[in-house]
Amino acid sequence: MRETDTLIKVEDLRVSFFTPAGEVKAVDGISYALGYNEVMGVVGESGSGKSVEAYSIIGLLQNPGRVIGGSITFEGEDLLAYTPEQMRQFRGNKVSMIFQNPMTCLNPVYTIGDQLMEALTCHDKSISRQDARARAIEMLELVGINNADKRMDQYPHEFSGGMRQRAMIAMALICKPKLLIADEPTTALDVTIQAQILELMKSLQKQENTSIIFITHNLGVVAEICDRVSVMYAGKIVEQGNVNDIFYQPLHPYTRGLLASMPRLDEDAHERLIPIEGTPIDLLNPPKGCNFAPRCKDCRKICLREKPPYADFGDGHISACWLHFMEAMNKGVGAE
Amino acid sequence: MASYILKRILAAIGTLLIIMAITFFLMNAIPGNPFLSEKASPQAIELAFKKYGLDKPLIVQFRNYVSNYLHGDLGVSLKMQEGTDVAKILFQQGKFDLSIKLGISALVLAVLIGIPLGCIAAYRRGTWLDGLLRVMTTVGVAIPTFVLATLLLAVLAVQLRWLDPKSGSLTDFRSFIMPVISLSSYYICYVAKLTRTSMLDAINQDYIRTARAKGVKTRVLVLKHALRNSLIPVITYLGPVTAGIITGSFVVESTFQIPGLGKYFVQSVLNRDYPVIMATTVVLSALVIVMNLVVDIAYRLVDPRITLTNREG
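The rules behind each value
Residues numbered from 1 in each chain as written. Chains lettered and ligands numbered in written order. Predicted model: local features only at pLDDT ≥ 70, side-chain atom pairs only at ≥ 80, totals over all residues. Heavy atoms only, no water. Contact = heavy atoms within 4.5 Å. Buried area = accessible area lost by both parts, 1.4 Å probe. Salt bridge = Lys/Arg side-chain N within 4 Å of Asp/Glu carboxyl O. Polar contact = N/O pair within 3.5 Å; in protein donor to acceptor, adjacent residues only side chain to side chain. Helix = DSSP H or I, 4+ residues; strand = E, 2+ residues; numbered from the N terminus. Phe/Tyr/Trp six-rings, centres within 6.5 Å; stacked < 30°, edge-to-face > 60°. Buried < 20%, exposed > 50% of the residue type's maximum accessible area, 1.4 Å probe, protein only. Lys NZ or Arg CZ within 6 Å of the ring centre and 35° of its normal. 1 Å grid on protein atoms, 1.4 Å probe; cavity = no way out; pocket = protein on both sides within 12 Å on 5 of 7 lines; lining within 4 Å. Points joined across faces, edges and corners; volume = space filled by probe spheres on them. Nonpolar A, V, L, I, M, F, W, Y, C, P; charged D, E, K, R; others polar. Pairing = 2+ DSSP bridges. Axes fitted to C-alpha atoms, helices over the stretch in contact; angles between N-to-C directions. Domains from an automatic or database assignment.

Description of the interface of chain A and chain B
No. 1: Each partner contributes residues to the interface: chain A has 30 residues there, and chain B has 19 residues.
No. 2: Buried area between chain A and chain B, summed over both chains or domains, comes out near 2300 Å², and the portion from carbon and sulfur atoms is 54%.
No. 3: The largest per-residue losses of area from chain A upon contact with chain B belong to V109, Y110 and E118 of chain A, which jointly make up 25% of the total buried on that side.
No. 4: The interface formed by chain A and chain B includes three salt bridges.
No. 5: The partner of E118 of chain A in a salt bridge is K214 of chain B, with the nearest N and O atoms 2.9 Å apart.
No. 6: For the interface between chain A and chain B, the tally reads 17 residue pairs in polar contact (both at pLDDT 80 or more).
No. 7: Secondary-structure elements contributing two or more residues to the side of chain A that touches chain B are α1 (50–58), α2 (84–90), α3 (102–105), α4 (112–121) and α7 (161–173) of chain A.
No. 8: Ranked by the residues each element gives to the side of chain A that touches chain B, the list is headed by α4 of chain A, at four residues.

Topic: the packing of aromatic side chains
No. 1: All chains considered together, the criterion is met by 15 aromatic pairs over all chains.
No. 2: With a centroid separation of 6.4 Å and an interplanar angle of 85 degrees, the aromatic rings of Y55 of chain A and F99 of chain A are classed as edge-to-face. On the criterion of sequence distance, the pair formed by Y55 of chain A in helix α1 and F99 of chain A in the loop between β6 (95–98) and α3 is long-range, its members being 44 residues apart. The two residues Y55 of chain A and F99 of chain A agree in class, both being buried.
No. 3: Ring centres of Y233 of chain A and Y254 of chain A lie 4.7 Å apart, and the angle between their planes is 55 degrees; this geometry places the pair in the tilted category. Of this pair, Y233 of chain A sits in strand β9 (residues 228–233) while Y254 of chain A sits in helix α11 (residues 253–260), placing them 21 residues apart in sequence.
No. 4: Among the residues examined, Y254 of chain A registers a relative accessible area of 0% and is labelled buried.
No. 5: An aromatic cluster of at least three residues, connected via ring pairs, comprises F24, F25, F62, Y65 and Y69 of chain B.
No. 6: Taking the ring centre of F159 of chain A as reference, the NZ or CZ of R151 of chain A above it sits at 4.7 Å.
No. 7: Geometry around Y110 of chain A places R228 of chain B over its ring, the cationic atom sitting 4.9 Å from the centre.

Some details on empty space enclosed by the protein
No. 1: For the structure on display, the rule yields three cavities of 30 Å³ or more.
No. 2: A volume near 80 Å³ is recorded for the largest cavity.
No. 3: Taken together, G92, S96, M97, I98, A119, M168, M171 and A172 of chain A together with T210, A213 and K214 of chain B make up the lining of the largest cavity.
No. 4: Secondary structure elements with two or more residues in the lining of the largest cavity: β6 and α7 of chain A together with α9 (206–214) of chain B.
No. 5: In this structure, the second largest cavity spans a volume of roughly 60 Å³.
No. 6: Residue lining of the second largest cavity: H252, P253, C290, F292, C296, D298, C303, P308, A320, C321, W322 and L323 of chain A, and that is the complete set.
No. 7: The class makeup of the residues in the lining of the second largest cavity is 10 nonpolar, one polar and one charged.

As for the sheet that holds β6 of chain A
All names here are of chain A.
No. 1: Pairing is mixed in the open sheet, where eight strands are placed in the order β6-β7-β8-β3-β9-β10-β12-β11. Two strands bound the open sheet, and with one partner strand each, they are β6 and β11 (310–312). With direction set aside, neighbouring strand axes in the sheet form an average angle of 20 degrees.
No. 2: Note that β9 and strand β10 (residues 236–242) share six bridges and pair antiparallel. Of the residues in β10, the one forming a bridge with V231 is E239.

Some thoughts on the sheet that holds strand β5 (residues 77–78) of chain A
The pairing of strands in a sheet comes from backbone hydrogen bonds and takes either a parallel or an antiparallel form.
No. 1: Read across the open sheet, the four strands follow the order β2-β1-β4-β5 (chain A); overall the sheet is antiparallel. Each edge of the open sheet carries a strand with a single partner, namely β2 (22–35) and β5 of chain A.

Considerations on the domain arrangement of chain B
No. 1: The domain architecture assigned to chain B consists of domain 1 (2–89) and domain 2 (95–259).
No. 2: Taking only C-alpha atoms, the centre of domain 1 of chain B and the centre of domain 2 of chain B are 37 Å apart.

Written out as structure tokens, the structure reads:
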């Protein structure tokens, strides 16, 4: 990926929630760049900061959450410097978002058509009602909703869960955004519907050339749709790389743990799944050293004392773990 | 929808019959009779009893009421304006009319001021404005109507001499000011509180986040997406209360000397003016029933998920 092909660049982003109990560093210095037409998966367990990171891109952080450091650059523009009105125009237009629970994400008292058309009209005042309607119908057909003309005048409760998520996708893509943030879009759906939605997203991504940040805790989904993967743990990206590297050569103990805890079709059915022991750290009192150290089977003394830097394994594959440096010292070659 | 409304109207007739029965037996259970206070001879009272059919057994009297009502005859007043048609007193002499005028004005204010205040408080939650509104609405809900009415009289009419203390028949705008403020302040404040609560609930819903993610303007977010979803509790409250506003204006009507229905209602009970008690009760009950039906239809208009069916429960 060339530098000029970068759509969005996040550098050392820090987001904290200022709660009465103290500062919670939900996102603690993460960096990545996403190219045009690229799909990046963000994987991590609940509370790892993956959604917070996405919300800060689109300016939807709610009090008491605040971006306290770093930068987000979208097509060369600094998003954090945007005024609220600029941010509003940016949202839904250049970047749009779909959410986890399609059952509650559509307004129950307005028709699907009304909500789709609103996504258009709030960015393009000049568009006529007929044009907006035609475009909305076109989008509904694109996401595989039959009888789109009739469906336009129905309310969300007349749609099934899968259909609602299709409608959400249609709504998100109606302004032809360059980036789509999908926050666990398949988590609340039946497995068969999940597969359909993933297929739909894959084909739309190719068709519309949209970049996607795909947030999920489901590694299977990642393998299905993503080009690259960022694995997050306790507000940090612990490992990042292209999808093959992450699945076939996982380096960070956390990534390995995640993969080992996932059932696989190509393994002996009697093979036990290995859970990651322990619970995520308390972000109010993060440990001094590596965030994963308290749960890591390979924890060394240094891991408890200092945060590990990234080791670069080429082709954008990076991992933050002291083990890599120890191995490199033993071999005398490799990591920086 | 039409069959639904028809069924509700049929049910309403049943409800009214029950209300008539309860009212009839309760008012006859009150000691005394319409002519007790008059310095008339026992013979004259007996004659009056005969004339108005009060000498007949209760069950026969009740049957006569029902049959008369079904014919649209509300009977004649026994006391206030002896021999005058009750219907004429209630509707033509403007008593009912005045209460309705006053009640509707108060209701309109409750909606037009209460709902926006609630929206502002919810949207600016946690700010000084929200705090100020909370104090104001709490005070407004807590102050009894007669205190507020007396205060208004003392300040606006007596001290400043801006307004006439007697509002009379509410013929011009100025005469409306004090009664409407006294009557509506409680409802404005209550509606504002109710709107704020349900609005806060709506603002935290996922679909609001979706709308924000679409790039919808804040104003549209509140007025279109959140407001309509938060109206249900307000409608639920306002429906039955509408009838209450119209009858409950007794205090306001007597303070500002408006010859309205509320005052008339109380007087008729004190006088044991049976036909008037019965008529006012039935008219007001009918009003409550109609408002409940209006509320149910309004639900449907606000929330498409609600369907109007004849099924129970």
